[in-house]
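For reference, the chains in residue letters:
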Amino acid sequence: MNGKENPNPVRTSLWRNARLATLREELGPLGVIENGAIAARGERIVYAGLEAGLPPELARADQIFDCEGRWVTPALIDCHTHIVHGGNRAREFQLRLEGATYEEIARAGGGIASTVEATNALSVDALVEAALPRLDALLAEGVSTVEIKSGYGLNVETELKMLRAARRLENLRPVRIVTTYLAVHATPPEYRGRNGDYIAEVVLPGLAAAHAEGLADAVDGFCEGIAFSPAEIGLVFDKAKSLGLPVKLHAEQLSDLGGAKLAASYGALSADHLEYLDAAGAAAMARAGTVAVLLPGAFYTLREKQLPPVEALRETGTRIAIATDCNPGTSPLTSLLLTMNMSATLFRLTLEECLAGVTREAARALGILGETGTIEAGKSADLAIWNIDQPAELIYRIGFNPLRERIFKGERILR
Ligand SMILES: [Zn+2]
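Per chain, the residues get numbers from 1 upward, laid out in the order the sequence is written. Side-chain atom pairs in this predicted model are given and counted only at pLDDT of 80 or more, local residue features only at pLDDT of at least 70, and totals for whole chains, interfaces and linings cover all residues. Where side-chain values are given, they derive from all heavy atoms of the structure, hydrogens and water being excluded.

### Digging into the overall build of the protein
Then comes step 1: Think of it this way: any DSSP run of H or I at least four residues long counts as a helix, any run of E at least two long counts as a strand, and we number them from the N terminus. Across its full length, the protein carries 16 helices and 16 strands.
Then comes step 2: Judged by the C-alpha coordinates and their principal axes, the protein covers about 70 × 50 × 40 Å.
Then comes step 3: Within the protein, the fraction of its 415 residues that count as buried is 55%.
Then comes step 4: By definition, residues are in contact when any of their heavy atoms lie within 4.5 Å. Here the analysis covers contacts within the protein between residues at least 6 apart in sequence; of these, 69% occur between residues at least 24 apart. Burial here depends on accessible area, computed with a 1.4 Å probe over protein chains only, as a share of the maximum for the residue type. Under 20% is buried, over 50% is exposed, and the range in between is partly exposed.

### Brief notes about the environment of Ala140
Then comes step 1: Considering the arrangement of structural elements, one finds Ala140 in the loop between α5 (124-139) and β7 (143-149).
Then comes step 2: In sequence terms Ala140 and Asn35 are 105 residues apart; their C-alpha atoms lie 26 Å from each other.

### Here's the deal with the coordination of the zinc ion
Then comes step 1: The rule for donors is simple: N, O or S, within 2.8 Å of the metal, or within 3.2 Å if the metal is Na, K or Ca. Water isn't counted, so a site may look like it is missing partners. Looking at the zinc ion, one finds its protein donor set to be His80 (NE2), His82 (NE2), His250 (NE2) and Asp325 (OD), positioned 2.1 to 2.4 Å from the metal centre.
Then comes step 2: For four-coordinate sites, all angles between 85 and 135 degrees define a tetrahedron; for four- and six-coordinate sites, opposite donors beyond 155 degrees with the remaining angles between 65 and 115 define square planar and octahedral shapes respectively, and all other cases count as irregular. Its four donor atoms give the zinc ion angles of 82 to 164 degrees at the centre, a pattern that matches the irregular case.
Then comes step 3: Donor residues for the zinc ion sit on one chain with the sequence pattern H-x1-H-x167-H-x74-D.
Then comes step 4: Under the relative-accessibility criterion, His82 is labelled buried at 2%.

### Focus on helix α7 (residues 195-212)
Then comes step 1: When the terminal C-alpha atoms of α7 are compared, their 24 Å separation across 18 residues agrees well with the 26 Å that a helix rising 1.5 Å per residue should span.
Then comes step 2: Bend, at a single residue, is the angle you get between axes fitted to the 7 residues ending at that residue and the 7 residues starting at it. Val203 marks where α7 bends most, by close to 25 degrees; the proline Pro205 follows one to four residues later.
Then comes step 3: Positioned one or two residues after α7, Gly214 has a phi angle of 70 degrees, which is positive. Working rule for helices: expected span equals 1.5 Å times residues minus one.

### Some details on the pairing of strand β2 (residues 32-41)
Then comes step 1: A pair of strands is labelled paired if DSSP reports no fewer than 2 bridges between them. Pairing of strand β1 (residues 12-21) with β2 involves seven bridges; the strand directions are antiparallel. Residue Ala18 lies in a different strand from β2, and its bridge partner there is Gly36.
Then comes step 2: Note that β2 and strand β3 (residues 44-50) share six bridges and pair antiparallel. Pairing of Ala40 across the sheet is with Ile45, part of β3.
Then comes step 3: Counted along the chain from β2 to the antiparallel partner β3, the turn is two residues long, and its residue Gly42 has a positive phi close to 65 degrees.

### Digging into the sheet that holds β7
Then comes step 1: Reading across from one edge, β6-β7-β8-β9-β10-β11-β12-β13 is the order of the eight strands in this open sheet, with parallel pairing throughout. Looking at strand neighbours, the two that pair on one side only are β6 (76-78) and β13 (320-322), the edges of this open sheet. Sheet twist, expressed as the average angle between the axes of neighbouring strands with direction ignored, equals 25 degrees.
Then comes step 2: The pairing of strand β10 (residues 248-251) with strand β11 (residues 270-273) spans four bridges and is parallel. Looking at β11, one finds that Lys248 is bridged to Ser270. Only the contacting stretch of a helix is used when fitting its axis, a line to C-alpha atoms as for every element, and angles between N-to-C directions run 0 to 180 degrees.

### Here's the deal with the pattern of salt bridges
Then comes step 1: Criterion for a salt bridge: a side-chain nitrogen of Lys or Arg within 4 Å of a carboxyl oxygen of Asp or Glu. On inspection of all chains with the given rule, the structure shows 30 salt bridges.
Then comes step 2: The shortest N-O distance in the salt bridge between Glu92 and Arg89 comes to 2.9 Å.
Then comes step 3: Residues Glu376 and Lys379 are paired through a salt bridge, measuring 3.8 Å at the closest nitrogen-oxygen approach.
Then comes step 4: With relative accessibility at 22%, the residue Glu376 sits in the partly exposed group.
Then comes step 5: Taken together, the shared-partner salt bridges in this structure form one network comprising Glu25, Arg319, Arg360, Glu361 and Arg364.

### Some points on the packing of α7 against helix α8 (residues 230-243)
Then comes step 1: Here α7 crosses α8 at 20 degrees, and the two axes come no closer than 10 Å. Classified by the interaxial angle, the pair formed by α7 and α8 is roughly parallel. At the point where α7 passes α8, the crossing takes the right-handed sense. Of the residues in α8, those in contact with Asn195, Ile199, Val203, Leu204, Leu207, Ala208 and His211 of α7 are Glu232, Leu235, Val236, Lys239, Ala240 and Leu243.
Then comes step 2: The residue inventory of the contact of α7 with α8, partitioned by class, reads nine nonpolar, two polar and two charged. Angles are sorted into four bins: roughly parallel if under 35 degrees, roughly antiparallel if over 145, roughly perpendicular if 65 to 115, and oblique for all others. Throughout, a crossing is termed right-handed when the near helix is turned clockwise from the far one, and left-handed when it is turned anticlockwise from it by less than a right angle. For this classification, the nonpolar set comprises Ala, Val, Leu, Ile, Met, Phe, Trp, Tyr, Cys and Pro, the charged set comprises Asp, Glu, Lys and Arg, and every other residue, Gly included, is treated as polar.

### Concerning the confidence of the model for the protein
Then comes step 1: When pLDDT is averaged along the protein, the result is 96, and 98% of the positions lie at 70 or above.
Then comes step 2: At the level of individual helices and strands, the protein shows its lowest average pLDDT in helix α3 (residues 102-107), which scores 79, and its highest in β6, which scores 99. Predictor confidence is given residue by residue as pLDDT, running from a minimum of 0 to a maximum of 100.

### What to know about the nonpolar core
Then comes step 1: With 89 residues, the main nonpolar core has Val84, Val146, Leu169, Leu274, Leu294 and Met340 as its most contacted residues.
Then comes step 2: Considering every element that reaches this core, the biggest residue donor is α5, with eight residues.
Then comes step 3: When near neighbours in sequence (up to four residues on either side) are disregarded, Val84 contacts Leu127, Ala131, Ile148, Tyr152, Met162, Ala165, Ala166 and Leu169. Definition used in this section: a nonpolar core is a set of buried Ala, Val, Leu, Ile, Met, Phe, Trp, Tyr and Cys residues joined via side-chain atoms within 4.5 Å.

### With respect to the packing of aromatic side chains
Then comes step 1: Ring pairs shown here join Phe, Tyr and Trp side chains whose ring centres sit within 6.5 Å, with only the six-membered ring taken for Trp; geometry is labelled stacked below 30 degrees between planes, edge-to-face above 60, and tilted in between. All told, the structure shown has five aromatic pairs when counted by the stated rule.
Then comes step 2: Ring centres of Phe237 and Tyr266 lie 5.3 Å apart, and the angle between their planes is 75 degrees; this geometry places the pair in the edge-to-face category. Here Phe237 is found in helix α8, whereas its partner Tyr266 is found in the loop between α9 (259-265) and β11, with 29 residues between them in sequence.
Then comes step 3: Ring-pair connections join several aromatic residues into one group, and the members of that group are Tyr191, Tyr198 and Phe228.
Then comes step 4: Note on geometry: a ring has a charge over it if NZ (lysine) or CZ (arginine) is within 6 Å of the ring centre and within 35 degrees of the ring normal. Against the face of Phe400 rests Arg397, its NZ or CZ located 5.1 Å from the ring centre.

What follows is the structure, encoded as structure tokens:
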């Protein structure tokens, strides 16, 4: 080193000749900038705008990529998944097609109990190995951020094991992982009829342990007649609050227990599912800034009839995100492109709502909108470059992947 040159100069990158769907709200629908360019210094975007307005020093970037007029969006974000788990429920799916009832399947050891058993049987390494193909399927479609929940351990040791596996995935792939502690997902058999004891003896000590180890970015619960009551969820949210952790909730999926209102009263990041949400619940969410995360994969798999109240969400100004809810029982879905198509077809979401739902609003639902989710200076350079002529192709096709490449923290990830 001669003292003049920086031994580790930060590399500048430039993507030029691009059509940008920045998803910046102040720029109108999709935040479109034609004839655009994006410059990054290291992993940070330092310019996103008209190529003609590019500052001269950025035009001489260390590496320059010609997008050849392609569309560039923020990298996609899956803000609600359960991709870390053991086993699968394909056999159960087959039995149901052959006429078996949920009760018969449960008696034969199926249902969530089988996933809990399979998950408890795996080591952290084996959980990682099982989750990688699911993660890779998401990343192949331009995803760069994935939220992953625990909730199939239902004891302290395995809940922590699931979160450790989720954290490890971040070291194995170019991806940002956001973890969520979800021990109040189901009551394990040894606590049947004793939810209070399960919460006191497993959920709360497990949450303290997860927090102490830095394993939980947020806390979630399943508020439903077949799961936990609002009062029981409140006990867990109180503990989360005392630890400074944000909360979110599986709410109003099968009935209206007022879960979304409860979540809003805790300033929750999101309330998810929401098929049975009423207008008052939507208003409470809007006031609290709680994002509505809609999950069409579960709606489709369960062949639900009750649509989420999209009109009430729009009228109240509640933000809408969408996600795969990838889980072995009710949404074995590993495609955000298909999730967008389902949201448009089943829930009648607009193009703008679908695309914002897997970028800007998904980032908001995870509390990381300052870091990613739109293309703008100051944020991480997380981008997806597409072989499409118009953004509507991203939600219109079924089972087709037009990703050309994705950029994560300023680095090109070629497929
Ligand atoms: Zn879920």
